[in-house]
Amino acid sequence: MPEAPKSAEYSVVAENNKKVLQFIEEVTTNADEVQKRVLAEILSQNAHVEYLHRHDLNGHTDRDTFKKTMPVITYEDIQSDITRIANGDKSPILCSQPISEFLTSSGTSGGERKLMPTIEEELERRSKLYSLLMPVMSQFVPDLEKGKGMYFLFIKSEAKTPGGLPARPVLTSYYKSPHFKNRRPDPYTNYTSPNETILCSDSYQSMYSQMLCGLCQNKDVLRVGAVFASGFIRAIRFLEKHWPLLCHDIRTGTINSQITDPSVREAVMKILKPDNKLADFIEVECSKNSWQGIITRLWPNTKYIDVIVTGTMSQYIPTLDYYSNGLPLVCTMYASSECYFGVNLNPLCKPSEVAYTLIPTMGYFEFLPVHRNNGVTNSISMPKSLNEKEQQELVDLVDVKIGQEYELVVTTYAGLYRYRVGDVLRVAGFKNNAPQFNFICRKNVVLSIDSDKTDEVELQNAVKNAVSHLMPFDAHVTEYTSYADTSTIPGHYVLFWELNVNGSTPVPPSVFEDCCLTIEESLNSVYRQGRASDKSIGPLEIKIVESGTFDKLMDYAISLGASINQYKTPRCVKFAPIVELLNSRVVSSYFSPKCPKWVPGLKQWNNMN
């Protein structure tokens, strides 16, 4: 372990923690007053912007006028404004401050990433939320300042809009910012990965060098993590595949020749020293038949895993438990491209009980009640536009009711007003006067492996495009469903197809492979990036099932209490017995033969080049 910090450093950390916890107490106690002030600040700062004039707000900054005047919107309502800014219009359209860049959302509009406007000042606000995390954590896990965090953090591809603004994911923006790169020395942001390894755009070199640095400092590591559970599991599988090379580097004190980035090599060489004993230890552990508990075996001082395991990421919990021997899985914060929202004040709770406390200074929050037709599906369909009655149903942060589900609506300093984020939350309780929310799901999403989100309409269109390949063989798909298979790493989409074949010529395997690729080509840019660039999603698979399989599926659903009159085939299945039933009737399966096409940026920008 590293030498314990001097008492002066201890007291600075303790004093800072105390201030942070006091800040959380104050803003949650005075949540409504803070929200009123935040809204007034946003509206007064942006009083003269075109969007607010268009809706006749006329400089009012009070909540009542704002709610009566401003509509609740989706991305499509402001897409033309976003396009103008992206194309170089610098007039104050949405925000009085200059838009510094666009953050690309993992949600999509028309198959392309959404572009969320942001301003320089937002980096400060995001950094503020990050600064709350470790003081909260230190209440539950002491002495974290005495060691390091092994986090696998990556930047992703970015583009420039026609007007010259960067368009990139929110975390790429943050890691490339001075707030991250030039952060002050802080025991809580002491990572095993040097900045150069995180900022390396080659995903293989970045992963390899981060893993190598993490292994070299294995005794110093007190916490491990990545953003999503899927990303951390990919890191462990990477180790499973490459540990002989990593051991060689540790044994010899040299870096593999595939790591060609000079800044990465230089940063790693400051950490890497020849160490036969460590190389032997890693080799022995990685050579064992079972990788159960590999995290605690290789990094013996690890106290918890810091990853998002809420929403669709919960499908990875059993795998994480296996690799870590059941270490606590900690979800620290809740954020999106639109806005950073809140923190988990009880980080050692079970993943199923994670509740985020929204920090009232981050933006202005409203909540649209969600009324489910049934509880069968985890995807919630909601109307795109709201009528007047529905608009009046929105409630403020402090007025939500325990147990009720809501769709989150935000107003931000960067120019979003009453914007529907698309997240469905359930009120779990309160911290003082600020509610705490369980994340339930993204509305309309049926399939997700990593940061991709595929909805039912998109899947339907993709299947429709693919089945045209079957027409020459007089074959068609009579029924289909899908599921996200996370037993493979990376995970992949699986479609179950039941066919009606009237032609005399059997459908060749290559045609089904073409169907797989056509589906992938038809899915959104986030999915295609995950396949082609990030390698975070595996090739799509089509499984052909026996005739009558979907009748069996209906019989099973009815035996569980579904109404025969209202039953319709689910387009996505998650329930293990149903997946087993479908798999038991598979007669053949086919994979996409190559990656779908993907380039950074939106289609229309690429067509301009």
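See the structure above.
One structure accompanies this document, and this report is about it. (Residues numbered from 1 in each chain as written. Predicted model: local features only at pLDDT ≥ 70, side-chain atom pairs only at ≥ 80, totals over all residues. Heavy atoms only, no water.)

Quick notes on the sheet that holds strand β3 (residues 148-152)
The strand order across the open sheet formed by four strands is β3-β6-β7-β8, and the pairing between neighbours is parallel. This sheet does not close on itself; its edge strands, each paired only once, are β3 and β8 (329-330). Where strand β6 (residues 221-228) and strand β7 (residues 304-308) come together, four bridges link them in parallel fashion. Residue pairing across strands places Arg223 opposite Tyr304, the latter belonging to β7. (Pairing = 2+ DSSP bridges. Helix = DSSP H or I, 4+ residues; strand = E, 2+ residues; numbered from the N terminus.)

Quick notes on the environment of Leu103
Checked against the element boundaries, Leu103 lands in strand β1 (residues 101-109). Since its relative accessible area comes to 0%, Leu103 is described here as buried. Residues Leu103 and Arg168, 65 residues apart in the sequence, show an inter-C-alpha distance of 5.2 Å. Residues in contact with Leu103, not counting those within four places in the same chain, are Lys114, Leu115, Met116, Thr118, Arg126, Arg168, Val170, Ser173 and Ser337. (Buried < 20%, exposed > 50% of the residue type's maximum accessible area, 1.4 Å probe, protein only. Contact = heavy atoms within 4.5 Å.)

Looking at the sheet that holds strand β20 (residues 492-501)
Hydrogen bonds between backbone groups are what pair the strands of a sheet, and the pairing can be parallel or antiparallel. In spatial order, the strands read β19-β20-β21-β22; together these four strands make up an open sheet with mixed pairing. The two strands at the open ends of the sheet, each matched to only one other strand, are β19 (475-485) and β22 (586-591). The mean angle between the axes of side-by-side strands here comes to 25 degrees, regardless of whether they run parallel or antiparallel. Where β20 lies against strand β21 (residues 541-545), five bridges are found, and the strand directions are parallel. Following the sheet pairing, Trp497 is matched in β21 by Ile544. (Axes fitted to C-alpha atoms, helices over the stretch in contact; angles between N-to-C directions.)

Here's the deal with helix α2 (residues 31-45)
Two residues of an α-helix separated by three or four positions point the same way, owing to the 3.6 residues in each turn. With 15 residues, α2 ought to run about 21 Å at 1.5 Å a step, and its terminal C-alpha atoms sit 21 Å apart, in line with that. When α2 is considered as a whole, its buried residues turn out to be Ala31, Val34, Gln35, Val38, Leu39, Ile42 and Leu43. Projection of α2 onto a plane perpendicular to its axis shows the buried side chains occupying an angular sector of 160 degrees, all on one side. (Expected span 1.5 Å × (residues − 1). Arc of directions from axis to C-beta.)

Digging into the environment of Ser173
Relative to the assigned elements, Ser173 resides in helix α7 (residues 170-175). Expressed as a C-alpha distance, the spacing of Ser173 and Lys156, which sit 17 residues apart in the sequence, is 9.4 Å. In this view, Ser173 contacts Glu101, Leu103, Leu123, Arg126 and Arg168; residues no more than four positions away in its chain are not counted.

Here we look at the environment of Ile82
Tracing the sequence through the fold places Ile82 in helix α5 (residues 75-86). Setting aside anything within four residues of it in sequence, one finds Ile82 in contact with Tyr75, Leu94, Phe102, Leu115 and Pro117.

Overview of the packing of aromatic side chains
Taken as a whole and assessed by the stated rule, the structure comprises 22 aromatic pairs. Counting every residue linked through ring pairs, the aromatic cluster contains Tyr130, Tyr174, Tyr175, Phe180 and Tyr340. The ring of Tyr340 carries Arg126 above its face, with NZ or CZ at 5.7 Å from the centroid. In this structure, Lys128 packs its charged tip against the face of Phe23, placed 4.1 Å from the ring centre. (Phe/Tyr/Trp six-rings, centres within 6.5 Å; stacked < 30°, edge-to-face > 60°. Lys NZ or Arg CZ within 6 Å of the ring centre and 35° of its normal.)

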